[in-house]
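# Descriptive analysis of the structure
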Amino acid sequence: QVQLVESGGGLVQAGGSLRLSCAASRNIFILKAMGWYRQAPGKERELVATITSGGYTNYADSVKGRFNISRANGRNTVYLQMSGLKPEDTAVYFCVFGGDGRLSLPGGVDYWGKGTLVTVSA
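The paragraphs below set out a description of the structure included in this document. (Residues numbered from 1 in each chain as written. Predicted model: local features only at pLDDT ≥ 70, side-chain atom pairs only at ≥ 80, totals over all residues. Heavy atoms only, no water.)

Broken down by element type, the chain carries zero helices and 11 strands. Going from N to C terminus, the chain has its helices and strands arranged as β-β-β-β-β-β-β-β-β-β-β. On C-alpha atoms alone, the chain measures out to a radius of gyration of 13 Å, which is about the 14 Å that the 2.2 N^0.38 rule sets for 122 residues. For the chain, the C-alpha atoms occupy an extent of roughly 40 × 25 × 25 Å along the three principal directions. Considering the chain as a whole, with its 122 residues, one finds that 41% of them fall into the buried category. Taking all contacts inside the chain whose residues are at least 6 apart in sequence as the whole, residues at least 24 apart take part in 56%. (Helix = DSSP H or I, 4+ residues; strand = E, 2+ residues; numbered from the N terminus. Rg over C-alpha atoms; globule rule 2.2 N^0.38 Å. Buried < 20%, exposed > 50% of the residue type's maximum accessible area, 1.4 Å probe, protein only. Contact = heavy atoms within 4.5 Å.)

With that settled, the discussion passes to the sheet that holds strand S7 (residues 67–71). Across the sheet, four strands lie side by side as S1-S3-S8-S7; this open sheet has antiparallel pairing. Looking at the sheet topology across the chains shown, the edges are occupied by strand S1 (4–7) and S7. For this sheet, the mean inter-axis angle between neighbouring strands, taken without regard to orientation, is 15 degrees. Of the strand pairs in this sheet, strand S3 (residues 18–24) and strand S8 (residues 77–82) are connected by six bridges, and their pairing is antiparallel. Across the sheet, Cys22 pairs through a bridge with Val78, a residue of S8. (Pairing = 2+ DSSP bridges. Axes fitted to C-alpha atoms, helices over the stretch in contact; angles between N-to-C directions.)

Another aspect to go through is the state of the cysteines. What makes a disulfide is a covalent bond joining the sulfur atoms belonging to two cysteines. Summed over all chains, the structure comprises one disulfide. Covalent S-S linkage joins Cys22 and Cys95, the inter-sulfur distance amounting to 2.1 Å. Note on the Cys22 and Cys95 pair: the S-S dihedral is about -80 degrees, so by sign convention the disulfide is left-handed. Of this pair, Cys22 sits in strand S3 while Cys95 sits in strand S9 (residues 91–98), placing them 73 residues apart in sequence. Pair check on accessibility: Cys22 and Cys95 agree, each one buried. (Disulfide = S-S within 2.5 Å.)

On to the nonpolar core. A general trend in soluble globular proteins is that nonpolar side chains are found buried together. Counting residues in each nonpolar core, the largest one holds 30 residues, and the members touching the most others are Trp36, Val78, Leu80, Met82, Tyr93 and Phe97. Of all the secondary structure elements, the ones that give two or more residues to this core are S3, strand S4 (33–39), strand S5 (46–52), S7, S8, S9 and strand S11 (116–121). The contact partners of Leu80, leaving out residues within four places of it in the chain, are Leu18, Arg19, Leu20, Trp36, Ala49, Phe67, Asn68, Ile69 and Tyr93. Core analysis: the second largest hydrophobic core is formed by six residues, Ala33, Phe94, Leu103 and Val109 among them. (Core = buried A, V, L, I, M, F, W, Y, C linked by side-chain atoms within 4.5 Å.)

In this section: the pairing of S5. Counting buried residues in S5 gives five out of seven residues, a clear majority hidden from the surface. Relative to S5, S4 runs antiparallel, the two sharing six bridges. Pairing of Met34 across the sheet is with Ile51, part of S5. In this structure, S5 lies alongside strand S6 (residues 57–59), joined through three bridges in antiparallel fashion. Residue Ala49 lies in a different strand from S6, and its bridge partner there is Tyr59. Two successive antiparallel strands, S5 and S6, enclose a turn made up of four residues, where Gly55 displays a positive phi of approximately 95 degrees.

The following block contains the structure:
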């Protein structure tokens, strides 16, 4: 019933910035966290950033200090502001919503976006 729609991916040079957006088709009343996973070809899926319903944020060590996650006042929109991008950030980024505060797998993510591709050139 709930669909997540992502936007903002694209091609950027190293050192540049992008902002990813994600909007849910319906408000979710029972929700612990929103966040972003990413996956590059041949690599393990990685949880990049999370924000809880109370506003607490957490980041992977690889992006800490460069990425910022935020949400709208409602419970249906989340953003990922990326700066100082590096070639190793190249991946498909997935928006996720879940009832698990850590968005852990396999059971902690209830809704997935289709993904948006971010490509960082050297």
